[in-house]
Amino acid sequence: MDGVHDMGGMQGFGPVDPATDEPLPETDWRSRMFGIELAYTQPGGFNLDWMRHVMECMPPAAYLASEYYDRWYWREAGILVNAGWVTIDELKAGKAASRAPCTGDPVPPEAVSAILMQGIDSRRPPQGNAVFRAGDRVRALFHSPLGATRLPRYLRGHVGTVEQVRGWHVLPDASAHGEERAEPLYCVGFPARDLWDDVTRGGDTVFADLWESYLEPA
Amino acid sequence: MVATILPIQAVLLRGHDMSVPRDTKRVIGIQQRLHSHLPPDPVLRVKALESLLVEKGLLNSATVDRWIEVFHEEVGPKNGARVVARAWTDPAFKQRLLTNAGDAIDELGLPRLEATSLVVVENTPKRHNIVVCTLCSCYPWAMLGVPPTWYKSFEYRSRVVRDPRAVLKEFGLELGEEVEIRVWDSTSEVRYMVLPERPAGTEHLDEEALAALVSRDSMVGTALADMHTHKG
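Along each chain, numbering runs from 1 in the same order as the chain's sequence is written. Written order decides the labels, with chains lettered from A and ligands numbered from 1. Selection of residues for local features in this predicted model requires a pLDDT of at least 70, selection of side-chain atom pairs for listing and counting requires 80 or more, and totals for whole chains, interfaces and linings are taken over all residues. Hydrogens are left out, water is left out, and the side-chain values use all remaining heavy atoms of the structure.

Caption draft 1: Inspection of the overall build of chain A at higher detail. Scanning chain A from terminus to terminus reveals eight helices and six strands. Reading the secondary structure of chain A in the N-to-C direction produces α-α-α-α-α-α-β-β-β-α-β-α-β-β. Counting only C-alpha atoms and orienting by the principal axes, one finds that chain A spans roughly 60 × 45 × 35 Å. For each residue, the accessible area found with a 1.4 Å probe, counting protein chains only, is set against the maximum for its type, and the residue is called buried under 20%, exposed over 50%, and partly exposed in between. Every one of the 218 residues in chain A was classed for burial, and the buried ones make up 60%. Sequence separation of 24 or more characterises 65% of the internal contacts of chain A that already satisfy a separation of 6 or more. Computed with a 1.4 Å probe, the accessible areas rest on the Shrake-Rupley method; for each residue, only the protein chains presented here act as cover. Total accessible area on chain A stands at roughly 8,600 Å², and carbon and sulfur atoms take up 51% of it. Starting at the N terminus, helices and strands are each numbered in turn, a helix being any DSSP run of H or I of at least four residues and a strand any DSSP run of E of at least two. The contact rule is simple, with two residues in contact once any of their heavy atoms fall within 4.5 Å.

Here it is, written out as structure tokens:
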């Protein structure tokens, strides 16, 4: 969706402050929020594409005004209320007024190390031939659904060169909305000078990983 | 290193067969209601959320503690620094790392977490790499820990794809005009880490001493390996 989260190339933001860091003291609300997100039983299963999209649906002014781990709060609150597992009144009170669906025991602490080592994998077996090959010139489509997508606005309509074929990966546009479908994923390099009219120097490149349905031959 | 293989996908996907509405307009409406009905203070909201989830049987607070502990003690830039130091001292490892980083980090027994598709990009005297996620905050947690605030900032996300040289100057790094810059926008589950150049005059150092030189920021691309101007 054309949301405020899609920030690449936006103008008006000031300098980066490299000294800003965010240590996570164990009792701090930020640490709790961090751990809650990784640990709780999510409606419909842990789905990073849906999680990202629910954050994108925050009111733009709130997105800009909330600090990082607070955006995580709004995401989890949105996911839970959307599924009907909790209500706004319950979130306010911190007390349950109804039961959640029976999902078995929540993830135990013993599972954390195994999750860490095995990881989450978006790769899937190939289901055919990839249309493009390394070196092919491709154009990013003008793709702007009211839904999840990982094609940044600043690349739409631009022509780049396939740097590498990354194999088949779950397509976020479908997965976020409940349908798991894989497509070939391509790393595409775009000359910076083609993307921005204030770049004077040639030779710099911006790379992004783009799914096959975001691209057409150029 | 993986002591117990738990059916992790089953744990994470528990309840995935339950039908959940996944409609953008509906969630935009819910987000608006949440923001108009809940108090502004995140301290209170997060506390209430944790109690509520525990009461509903959806969360074990000990698992929250454990995740926090893991990111304090086991996962952080020292993982990435080990990889870099090994690549500097072992050319065959470096070759494997640049070809298939996932398999190479498995050799070191390092976690994968969200970095199952890790790509390592190499700096050279003529080429400098920088990593960003313009759409959210994707970052190789398994290698570098949780991202610093500046990495998640709107300033960094918006500007580094457009004017990387100006952003690097804000980090105290000025690159020559002859150096090509490659910016990697983490739009998929592929995670990027930079292999910085080995600093001159470090020929006498062993792998461990070299790892101590490697700053977090140098593996994101906003510093050189031995620049320790900022924490991490």
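Caption draft 2: Representation of the interface of chain A and chain B in the model. Across the boundary between the two partners, chain A contributes 125 residues, which contact 112 residues of chain B. In short, buried area is how much 1.4 Å probe accessible area vanishes from two parts on joining, totalled over both. Between chain A and chain B, a total of about 11,000 Å² is buried, with carbon and sulfur atoms accounting for 63% of that surface. Basic side-chain nitrogens of Lys or Arg form a salt bridge, by our definition, when they fall within 4 Å of a carboxyl oxygen of Asp or Glu. Remark: the boundary between chain A and chain B carries 10 salt bridges. A salt bridge links Glu50(B) to Arg32(A); the nearest nitrogen and oxygen atoms lie 2.7 Å apart. Within 3.5 Å is the distance limit for a polar contact, defined as a pair of N or O atoms, with the added protein rule that one can donate a hydrogen and the other accept it, and that residues adjacent in sequence qualify only through two side-chain atoms. For the interface between chain A and chain B, the tally reads 46 residue pairs in polar contact (both at pLDDT 80 or more). The greatest single-element share of the side of chain A that touches chain B, amounting to 15 residues, is contributed by helix 4 (residues 68-83) of chain A. Broken down by class, the residue content of the side of chain A that touches chain B amounts to 67 nonpolar, 30 polar and 28 charged. What makes two strands pair is DSSP finding at least two bridges between them. Pairing analysis gives four bridges linking strand 5 (residues 205-211) of chain A to strand 3 (residues 180-185) of chain B, with the strands arranged parallel. Along strand 3 of chain B, the bridge assignment pairs Val206(A) with Val183(B). Gly is placed with the polar residues, together with every amino acid not listed as nonpolar (Ala, Val, Leu, Ile, Met, Phe, Trp, Tyr, Cys and Pro) or charged (Asp, Glu, Lys and Arg).

Caption draft 3: Main features of the packing of aromatic side chains. Pairing of aromatic side chains requires ring centres within 6.5 Å, counting the rings of Phe and Tyr and the six-membered ring of Trp. Pairs whose planes differ by under 30 degrees are stacked, by over 60 edge-to-face, and all others tilted. Applying the stated criterion across every chain yields a total of 23 aromatic pairs over all chains. Aromatic side chains Phe207(A) and Trp184(B) sit 4.0 Å apart centroid to centroid with 10° between the ring planes, which places their arrangement in the stacked category. Pair noted here: Phe207(A) is in strand 5 and Trp184(B) is in strand 3, and the two residues belong to different chains. For Trp184(B), a relative accessible area of 3% gives the class buried. Each residue in the set Phe34(A), Tyr68(A), Tyr69(A), Trp72(A), Trp67(B), Phe71(B) and Trp141(B) is aromatic and connected to the rest through ring pairs, giving one cluster. Charge-over-ring contacts are defined here by two conditions on Lys NZ or Arg CZ: a distance within 6 Å of the ring centre and an angle within 35 degrees of the ring normal. Of note, Arg156(A) hangs over the ring of Phe142(A), and the distance from its end group to the ring centre comes to 4.9 Å.

Caption draft 4: Highlighting the pairing of strand 4 (residues 182-191) of chain A. All names here are of chain A. For strand 4, a buried count of nine out of 10 residues is recorded, marking the element as mostly surrounded by other parts of the structure. Bridging between strand 3 (residues 159-170) and strand 4 involves seven bridges; their strand directions are antiparallel. By the bridge assignment for strand 4, His169 is matched with Glu183. Looking at chain direction, strand 4 and strand 5 are connected through seven bridges and run antiparallel. Directly across from Leu185, in strand 5, lies its bridge partner Trp211.

Caption draft 5: Inspection of the side chain of Arg159(B) at higher detail. Counting through the fold element by element, Arg159(B) comes out in helix 10 (residues 154-159). Using a relative accessible area of 13% as the deciding quantity, one classes Arg159(B) as buried. In this structure, Arg159(B) is in contact with Phe13(A), Gly14(A), Pro15(A), Val16(A), Pro164(B), Ala166(B), Val167(B) and Glu170(B), ignoring residues within four places of it in sequence.

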